[in-house]
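What follows is the residue order along each chain.
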Amino acid sequence: NYEKFRRCAEEVKNMIVTYKGNVALTTYYAVSCGTTQSAENEWGSAIDYLVPVDSPKDALSDNYLKIKTYSVQEMYDRFMLNFAGLELDMEHPEEWIGNINYNQSGYVDTMEIYKSKIRGKDFREYFELRSACFMIFYEDDTFSIATKGYGHGVGLSQFGANQLALEGKNFEEILKHYFPGTKTVSVNT
């Protein structure tokens, strides 16, 4: 493995990814939910080449779909710890989760927690979820949270990139797929 890594590094050691002549921000993460998401959705600022692209082979990853379960008390405790001023009716936990609004890539943009609106990425952080692409189910006094993907979802999916490489795509083709409009250029050292 070391020799393979060394050869790969040697091949690209004098190269950078650019967009319109400037060095590009080439963010990455483990596994997408099947589509990447824009930098604007995740971080609030649009970047022309950090936009949604398809990454369907991510569904083949062992880390693609994970389910976490919480008792009513565990869910309540996490809400109280992380969301100041939230008032929950312990008699009706089935009413705690309201509308969930998804962005175009399938990640949670905002959601309602008992009359309060929160961001999906905050919920992800507070509940230690693998991504902000999730669904919540309540049944038999248990909350289940099904999460797709692993990471923030902006830029290159490591699993998806590996799948493209296994299909015969070279590194430049993979980078152009995940960072549309960018170029790889050689630099003098």
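What you are looking at is a predicted structure, and each value in this text was computed from that prediction instead of being measured.

A look at helix α3 (residues 72-82)
Link 1 in the chain: Of the residues making up α3, those classed as buried are Val72, Met75 and Phe79. In a view along the axis of α3, the buried residues occupy a sector of 70°, so they form one face of it.
Link 2 in the chain: Buried residues along α3 sit against β4 (65-71), β5 (97-102), β6 (108-113), α4 (120-126), β8 (134-139) and β9 (142-148).

Regarding the confidence of the model for the protein
Link 1 in the chain: Looking at the protein, the pLDDT average stands at 94 and 99% of residues meet or exceed 70.
Link 2 in the chain: For the protein, helix α1 (residues 2-12) is the element with the lowest average pLDDT, namely 86, and strand β10 (residues 156-157) is the one with the highest, namely 98.

Overview of the nonpolar core
Link 1 in the chain: If you look at the biggest cluster of nonpolar residues, it comprises 20 residues, and the most contacted ones within it are Met75, Phe79, Met111, Ile113, Phe123, Phe127 and Ile145.
Link 2 in the chain: At the level of secondary structure, the elements contributing two or more residues to this core comprise α3, β6, β8 and β9.
Link 3 in the chain: With near-sequence residues (within four places) excluded, methionine 75 lies in contact with Tyr70, Trp96, Ile97, Phe123, Phe127, Phe143 and Ile145.
Link 4 in the chain: Counting 15 residues, the second-largest nonpolar core is a separate cluster that includes Tyr19, Leu50, Leu156 and Phe179.

Considerations on the pattern of salt bridges
Link 1 in the chain: Enumeration according to the criterion identifies 5 salt bridges in this entry.
Link 2 in the chain: As a salt-bridge pair, glutamate 3 and arginine 6 come within 2.7 Å of each other at their nearest N and O atoms. Taken together, the residues span about one helical turn, with glutamate 3 and arginine 6 both in helix α1 at a distance of 3 residues.
Link 3 in the chain: A relative accessible area of 36% means that arginine 6 is categorised as partly exposed.
Link 4 in the chain: Its salt-bridge partner being glutamate 128, residue arginine 78 comes within 3.9 Å of it at the nearest N-O pair.

Focus on the pairing of strand β7 (residues 116-119)
Link 1 in the chain: Examined bridge by bridge, β6 and β7 share 4 bridges and lie antiparallel to one another. Pairing of methionine 111 across the sheet is with isoleucine 118, part of β7.
Link 2 in the chain: From the end of β6 to the start of β7, which pair antiparallel, there are 2 residues, and tyrosine 114 there has a positive phi angle of about 40°.

Overview of the packing of aromatic side chains
Link 1 in the chain: In this structure the tally under the stated criterion is 12 aromatic pairs.
Link 2 in the chain: On the numbers, 5.1 Å between centres and 45° between planes, the contact of tyrosine 19 with tyrosine 49 is tilted. In this pair, tyrosine 19 sits in strand β1 (residues 15-19) while tyrosine 49 sits in the loop between α2 (39-43) and β4, placing the two residues 30 residues apart along the sequence. Comparing tyrosine 19 with tyrosine 49 shows no difference in burial state: the two are buried.
Link 3 in the chain: Members of the aromatic cluster, connected to one another through ring pairs, are Tyr70, Tyr76, Phe79, Phe83, Trp96, Phe123, Tyr126, Phe127, Phe134, Tyr138 and Phe143.

Quick notes on the environment of tryptophan 43
Link 1 in the chain: Tracing the backbone through its elements, the reader meets tryptophan 43 in helix α2.
Link 2 in the chain: Residue tryptophan 43 is classed as partly exposed on the basis of its relative accessible area of 40%.
Link 3 in the chain: Residues tryptophan 43 and phenylalanine 79, spaced 36 residues apart in sequence, show a C-alpha to C-alpha distance of 23 Å.
Link 4 in the chain: Apart from the residues within four sequence positions on either side, tryptophan 43 is in contact with Thr27, Lys121, His152 and Val154.

Conventions used here
- Residues numbered from 1 in each chain as written.
- Predicted model: local features only at pLDDT ≥ 70, side-chain atom pairs only at ≥ 80, totals over all residues.
- Heavy atoms only, no water.
- Buried < 20%, exposed > 50% of the residue type's maximum accessible area, 1.4 Å probe, protein only.
- Helix = DSSP H or I, 4+ residues; strand = E, 2+ residues; numbered from the N terminus.
- Arc of directions from axis to C-beta.
- Contact = heavy atoms within 4.5 Å.
- pLDDT = per-residue confidence, 0-100.
- Core = buried A, V, L, I, M, F, W, Y, C linked by side-chain atoms within 4.5 Å.
- Salt bridge = Lys/Arg side-chain N within 4 Å of Asp/Glu carboxyl O.
- Pairing = 2+ DSSP bridges.
- Phe/Tyr/Trp six-rings, centres within 6.5 Å; stacked < 30°, edge-to-face > 60°.

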